[in-house]
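Residues per chain are reported as follows:
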Amino acid sequence: QQPVQSPQAVILREGEDAVINCSSSKALYSVHWYRQKHGEAPVFLMILLKGGEQKGHEKISASFNEKKQQSSLYLTASQLSYSGTYFCGTEAMDTGRRALTFGSGTRLQVQP
Amino acid sequence: SAVISQKPSRDICQRGTSLTIQCQVDSQVTMMFWYRQQPGQSLTLIATANQGSEATYESGFVIDKFPISRPNLTFSTLTVSNMSPEDSSIYLCSATSAAGYEKLFFGSGTQLSVL
């Protein structure tokens, strides 16, 4: 079952912050975040494992609430290079596999 | 990290024909997957390519339509058989270099158009 992402689209000015949410109805091993620019392959951002950890690098961080099976991606002081579509990918505990199920995506546009 | 080479990068095919997409990884990986992505849409898993055995298909995808091979740890092919315009999409090969909790690497994709 596909995780639910929100919002579907965001338009920001440079320097503004954004939060993208990902929610699953299943118990999860992990949540992955990827960014895809138009015409390119998705690029890995980070993984969060069950245990409610928070990760980050530079101005992009994420959290995972294991009790709610929800993850949030935080983009701080956005840059033009942050534009693209963000996907969360979830690994459910009942699948017994390592294949990810991706959310519908959040289209982020950062304007000057 | 792994670098994935995928070819062809794009093709235009006639209805009823078949196309085989190749995926080569530059290092040994444990898991390889094939995804499909409609323009502006999410990534949908087609199947997990298993080395030396039949692929594991997701609901809605069958071996007769999407035969997959993986003869070794670094190479896989996906064939789109008896194509129809509904098969027009981007097909992405991906791989992970560990048995779990590791990031997916993606090939650059094959953009398929069926006339």
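This report concerns the structure included in the present document. Note that the structure is a prediction, hence the values are computed from the model and not measured.

**Observations regarding the interface of chain A and chain B**
Phase 1 of the analysis: Taken together, the contact pairs 21 residues of chain A with 21 residues of chain B.
Phase 2 of the analysis: Across the interface of chain A and chain B, roughly 1,600 Å² is buried in total on both sides, 63% from carbon and sulfur atoms.
Phase 3 of the analysis: Joining chain A to chain B, the criterion identifies 4 residue pairs in polar contact (both at pLDDT 80 or more).
Phase 4 of the analysis: Top contributing element to the side of chain A that touches chain B by residue count: strand β4 (residues 28-36) of chain A, with 5 residues.
Phase 5 of the analysis: The residue inventory of the side of chain A that touches chain B, partitioned by class, reads 11 nonpolar, 6 polar and 4 charged.

**Thoughts on the side chain of S71(A)**
Residues and elements named next belong to chain A.
Phase 1 of the analysis: Checked against the element boundaries, S71 lands in strand β8 (residues 70-75).
Phase 2 of the analysis: A residue is classified by how much of its surface remains accessible, and S71, at 1% relative accessible area, is buried.
Phase 3 of the analysis: Within polar-contact distance, the side chain of S71 engages the side chain of W33 at 3.0 Å.
Phase 4 of the analysis: In this structure the side chain of S71 is engaged in a polar contact, spanning 2.8 Å, whose partner is the backbone oxygen of S63.
Phase 5 of the analysis: Not counting chain neighbours up to four residues away, the residues in contact with S71 comprise I20, N21, C22, V31, W33, L48, S63 and F64.

**Thoughts on the packing of aromatic side chains**
All names here are of chain A.
Phase 1 of the analysis: According to the stated counting rule, one finds 8 aromatic pairs over all chains in the structure shown.
Phase 2 of the analysis: Between Y34 and F102, the aromatic rings sit 5.7 Å apart at their centres with planes inclined by 70 degrees, giving edge-to-face as the arrangement. With a gap of 68 residues between them, Y34 in strand β4 and F102 in strand β10 (residues 101-102) connect regions that are remote in the sequence.

**Focus: the environment of T48(B)**
Phase 1 of the analysis: Mapped onto the elements of the fold, T48(B) is located in strand β5 (residues 43-49).
Phase 2 of the analysis: Look at T48(B) and you get buried, because its relative accessible area is 4%.
Phase 3 of the analysis: Separated by 14 residues in the primary sequence, T48(B) and W34(B) have C-alpha atoms spaced 6.5 Å apart.
Phase 4 of the analysis: Ignoring sequence-local partners within four residues, the contact set of T48(B) consists of A99(A), M31(B), M32(B), F33(B), A55(B) and T56(B).

**Let's talk about the pairing of β4(A)**
Residues and elements named next belong to chain A.
Phase 1 of the analysis: Burial runs high along β4: 8 of the 9 residues are buried.
Phase 2 of the analysis: As paired elements, β4 and strand β9 (residues 84-92) share 8 bridges and run antiparallel to each other. If you follow H32 over to β9, its bridge partner there is G89.
Phase 3 of the analysis: Strand direction decides the pairing type here: β4 and strand β5 (residues 43-49), joined by 6 bridges, are antiparallel. Within the sheet, the bridge partner assigned to H32 lies in β5 and is I47.

**Here we look at the pairing of β8(A)**
Residue and element names in this part refer to chain A.
Phase 1 of the analysis: The pairing of strand β3 (residues 18-23) with β8 spans 6 bridges and is antiparallel. Paired with N21 across the strands is S72, a residue of β8.
Phase 2 of the analysis: Pairing between strand β7 (residues 60-65) and β8: 6 bridges, direction antiparallel. Among the inter-strand pairings, A62 is bridged to a residue of β8, identified as L73.
Phase 3 of the analysis: Hairpin connection of β7 to β8: 4 residues between the antiparallel strands, including Q69 at a positive phi of 55 degrees.

**Things to note about the state of the cysteines**
Phase 1 of the analysis: For the structure shown, the criterion picks out 2 disulfides over all chains.
Phase 2 of the analysis: Residue pairing for C22(A): its cysteine sulfur links by disulfide to C88(A), the two sulfurs lying 2.1 Å apart. Where C22(A) bonds to C88(A) through sulfur, the torsion about that S-S bond is close to 70 degrees, and the disulfide is right-handed. Here C88(A) lies in strand β9 and C22(A) lies in strand β3, a separation of 66 residues in the sequence.
Phase 3 of the analysis: C88(A) gets classed as buried once you look at its relative accessible area, which sits at 0%.
Phase 4 of the analysis: Disulfide partner of C23(B): C93(B), at an S-S distance of 1.9 Å. For the disulfide bridge between C23(B) and C93(B), the dihedral angle about the S-S bond is near -65 degrees, and by the sign convention the bridge is left-handed.

Calculation notes
Residues numbered from 1 in each chain as written. Chains lettered and ligands numbered in written order. Predicted model: local features only at pLDDT ≥ 70, side-chain atom pairs only at ≥ 80, totals over all residues. Heavy atoms only, no water. Contact = heavy atoms within 4.5 Å. Buried area = accessible area lost by both parts, 1.4 Å probe. Polar contact = N/O pair within 3.5 Å; in protein donor to acceptor, adjacent residues only side chain to side chain. Helix = DSSP H or I, 4+ residues; strand = E, 2+ residues; numbered from the N terminus. Nonpolar A, V, L, I, M, F, W, Y, C, P; charged D, E, K, R; others polar. Buried < 20%, exposed > 50% of the residue type's maximum accessible area, 1.4 Å probe, protein only. Phe/Tyr/Trp six-rings, centres within 6.5 Å; stacked < 30°, edge-to-face > 60°. Pairing = 2+ DSSP bridges. Disulfide = S-S within 2.5 Å.

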